[in-house]
Amino acid sequence: MSTPQAPALSFLTTLSVSVGMPLEVGPTAEGYRRVIPITGGTATGPELNGVIDPVGADFQLLIDETTTHLEAKYVLKSDAGERIYITNWGIRTGRAEDIARLVRGEAVDPERIYFRCTPRLESPGPRWGWLAERILVGTGRRLQDRVEIDVFVLE
């Protein structure tokens, strides 16, 4: 019997996303809601480079007792001039105490936070259309005024 192979990952880019002060929407029936505006950013990597357009861009978090559900909406303008409209759905998970720290806006161990998502692209053009059929995974670090995310494509 053969041993299952781990899926291959290809490094895509590192997003360095500048963020503003969180807007606390507060408790809802689904959990605690927070909106974090994206004020700009860059994508730097061997495959994808560009800047993030801050117009209408944000992270929306829905936090319950065990999981933080994440939606990120932004436009990435590549160095080649392409505009990639992306909505990422993901999940940030960790121990209960890590989630409580996220709710309070405190730093958490970056190795305990990850995301897995399928990007939604609108009019990405032929160069980036293949991303819509892939799963992206990554790890993130929340710093004082930005979020850095290493993004990989699951082959």
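Now for a quick tour of the structure.

Observations concerning the environment of Arg127
On the secondary structure map, Arg127 appears in the loop between strand E8 (120-122) and strand E9 (135-142). Relative accessible area serves as the criterion here: at 38%, Arg127 is assigned to the partly exposed category. With 45 residues separating them along the chain, Arg127 and Glu82 place their C-alpha atoms 8.6 Å apart. Not counting residues within four places of it along the chain, the set of residues in contact with Arg127 comprises Glu47 and Glu82.

A word on the side chain of Glu148
Mapping Glu148 onto the fold places it in strand E10 (residues 146-154). Assessed through its relative accessible area of 18%, Glu148 is described here as buried. Of the polar contacts made by the side chain of Glu148, one reaches the side chain of Arg146; its length is 3.0 Å. Every residue in contact with Glu148, bar those within four places of it in the chain, is listed here: Leu15, Ser16, Thr139, Gly140, Arg141 and Leu143.

Things to note about the nonpolar core
Among the nonpolar cores identified, the biggest contains 29 residues, and Leu12, Leu15, Phe59, Tyr74 and Leu136 are the most heavily contacted of them. At the level of secondary structure, the elements contributing two or more residues to this core comprise strand E1 (9-19), strand E3 (32-44), strand E4 (50-63), strand E5 (67-78), strand E6 (83-93), strand E7 (114-117) and E10. With five residues, the single largest contributor to this core is E4. In this structure Leu15 touches Thr42, Ala43, Ile52, Tyr74, Val147, Glu148, Ile149 and Val151, once residues within four positions along its chain are discounted.

Looking at the packing of aromatic side chains
For the coordinates displayed, the defined rule picks out two aromatic pairs. Summarising the aromatic geometry, the rings of Trp128 and Trp130 are spaced 6.2 Å apart at their centres and angled 35° between planes, so their arrangement reads as tilted. The ring of Trp128 has Arg127 lying over it, and the distance from NZ or CZ to the ring centre is 4.1 Å.

Remarks on empty space enclosed by the protein
Overall, the coordinates contain one cavity of 30 Å³ or more when judged by the stated rule. Estimated volume of the largest cavity: approximately 210 Å³. Secondary-structure elements contributing two or more residues to the lining of the largest cavity are E1, E5, E6, E7 and E10. Looking at the lining of the largest cavity residue by residue, the classes come out as 18 nonpolar, three polar and no charged.

Some details on the pairing of E9
Bridge count between E9 and E10: eight bridges; the pairing is antiparallel. Bridging across to E10, Gly138 finds its partner in Val151. The hairpin formed by E9 and E10 contains three residues between the paired strands.

Here we look at the environment of Ile135
Relative to the helices and strands, Ile135 is located in strand E9. Considered as a pair, Ile135 and Arg116 are 19 residues apart in the sequence and their alpha carbons are 6.9 Å apart. Beyond its immediate sequence surroundings of up to four residues, Ile135 is in contact with Arg116, Cys117, Thr118, Phe152, Val153 and Leu154.

The rules behind each value
- Residues numbered from 1 in each chain as written.
- Predicted model: local features only at pLDDT ≥ 70, side-chain atom pairs only at ≥ 80, totals over all residues.
- Heavy atoms only, no water.
- Helix = DSSP H or I, 4+ residues; strand = E, 2+ residues; numbered from the N terminus.
- Buried < 20%, exposed > 50% of the residue type's maximum accessible area, 1.4 Å probe, protein only.
- Contact = heavy atoms within 4.5 Å.
- Polar contact = N/O pair within 3.5 Å; in protein donor to acceptor, adjacent residues only side chain to side chain.
- Core = buried A, V, L, I, M, F, W, Y, C linked by side-chain atoms within 4.5 Å.
- Phe/Tyr/Trp six-rings, centres within 6.5 Å; stacked < 30°, edge-to-face > 60°.
- Lys NZ or Arg CZ within 6 Å of the ring centre and 35° of its normal.
- 1 Å grid on protein atoms, 1.4 Å probe; cavity = no way out; pocket = protein on both sides within 12 Å on 5 of 7 lines; lining within 4 Å.
- Points joined across faces, edges and corners; volume = space filled by probe spheres on them.
- Nonpolar A, V, L, I, M, F, W, Y, C, P; charged D, E, K, R; others polar.
- Pairing = 2+ DSSP bridges.

Shape descriptors only; they carry no functional weight alone.
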